[in-house]
Amino acid sequence: MGERTRVLVADDQDLVRSGFRLILMSYGTIDVVGEARDGEEAVELAQRLKPDVVLMDIRMPHLNGIEATRAIRSDPRLADVHVLILTTFDLDEYVYDALAAGASGFLLKDAEPDDIAAAVDIVARGDALIQPSITRRLIETFVAARPIGMAAARAAGLSQLTDREREILVLVARGLTNDEIGSDLFISPATVKTHLARIMAKLDAHDRAQLVVRAYESGLVKPGLR
């Protein structure tokens, strides 16, 4: 379609922001439309610029990346703005909460340039998790430590799903794409997408990342199972 992906970079370190700007702008399909030094500025710029993707650091002053993500993803005016969490470690204790707040996935700060650009494109499309195997491992780790009451509440929400929807949710949690799910279930990717929209509405999930969180929190998918 020839449209460029518009990105907002939010990080309290000047060098990190500059580095991501240089990397992303070297690709012909990405524009960095703004930079935020803290979470409050990230929310403000997201509202004003309406980027396709926000690269969001977690540890920032004034408003951390989790709260900033929640503010962006809960704003109906920003329904098309996706958040990609930046982290130094692949098992950051705060990443789980960021995913639960509505982030579409996470990216290691030391990722290769091509991986960074690919991650931005994937999140901009809204159709996949970033590094699903790592994201799944992270979710498993922190769901296991969550209070039992949360799991019970999430499990109750599954009662709204049909058998087919539960089946699709399990496959999403295992990191399969729409095409792969369609192939497994002998249905078209378009039909998978329709089911996913219904599942998200029933479970009050914004995107695939939150569906994975819901699947593990509810116990529908057990840690360690594939």
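Let us look at the structure shown here. All of these numbers come straight from a predicted model, not from anything done at the bench. (Residues numbered from 1 in each chain as written. Predicted model: local features only at pLDDT ≥ 70, side-chain atom pairs only at ≥ 80, totals over all residues. Heavy atoms only, no water.)

Reading across from one edge, β2-β1-β3-β4-β5 is the order of the 5 strands in this open sheet, with parallel pairing throughout. The two strands at the open ends of the sheet, each matched to only one other strand, are β2 (30–36) and β5 (105–108). Here the strands of the sheet are splayed against their neighbours by 25° on average, with no regard to which way each runs. Helix-sheet contacts for helix α1 (residues 14–25) involve β1 (5–10), β2, β3 (53–57), β4 (82–87) and β5, and the interaxial angle to β2 is about 165°. With respect to the sheet, helix α5 (residues 113–125) is in contact with β1, β2, β3, β4 and β5, its orientation differing from that of β4 by roughly 150°. (Pairing = 2+ DSSP bridges. Helix = DSSP H or I, 4+ residues; strand = E, 2+ residues; numbered from the N terminus. Axes fitted to C-alpha atoms, helices over the stretch in contact; angles between N-to-C directions. Contact = heavy atoms within 4.5 Å.)

Among all positions of helix α2 (residues 39–49), only Gly39, Ala42, Val43, Leu45, Ala46 and Leu49 are buried. Buried residues along α2 sit against β1, β2, β3 and α3 (65–73). Taking the backbone nitrogen of Glu40 as reference, a side-chain oxygen 3.1 Å away marks Asp38 as the first, capping residue of α2. Remark: Lys50 follows α2 within two positions and exhibits a positive phi of approximately 50°. (Buried < 20%, exposed > 50% of the residue type's maximum accessible area, 1.4 Å probe, protein only. Polar contact = N/O pair within 3.5 Å; in protein donor to acceptor, adjacent residues only side chain to side chain.)

Relative to the 16 Å expected for 12 residues at 1.5 Å per residue, α1 spans 16 Å between its end C-alpha atoms, a close match to the ideal helical length. Listed as buried for α1 are Val16, Arg17, Phe20 and Leu24. Viewed along the axis of α1, the buried residues span an arc of 95°, placing them on a single side of the element. Across from the buried face of α1, at angles greater than 90 degrees, the exposed residues are Leu15 and Leu22. (Expected span 1.5 Å × (residues − 1). Arc of directions from axis to C-beta.)

Checked against the element boundaries, Ile66 lands in helix α3. The residues touching Ile66, leaving out its near neighbours within four places in the chain, are Ile58, Tyr94, Asp97, Ala98 and Ala101.

This next bit is on a negative patch on the surface. Negative charge collects at one region of the surface, where Asp110, Glu112, Asp114 and Asp115 lie side by side. Inspection of the secondary structure puts Glu112 in the loop between β5 and α5. For Glu112, a relative accessible area of 53% corresponds to the exposed category. (Patch = residues over 30% accessible without salt bridge, like charges linked within 9 Å, V, L, I, M, F, W, Y side chains within 5 Å. Areas by Shrake-Rupley, 256 points an atom, 1.4 Å probe, with all protein chains shown as cover. Salt bridge = Lys/Arg side-chain N within 4 Å of Asp/Glu carboxyl O. Lys, Arg positive; Asp, Glu negative; His and termini not counted. Charge placed at Lys NZ, Arg CZ, Asp CG, Glu CD.)

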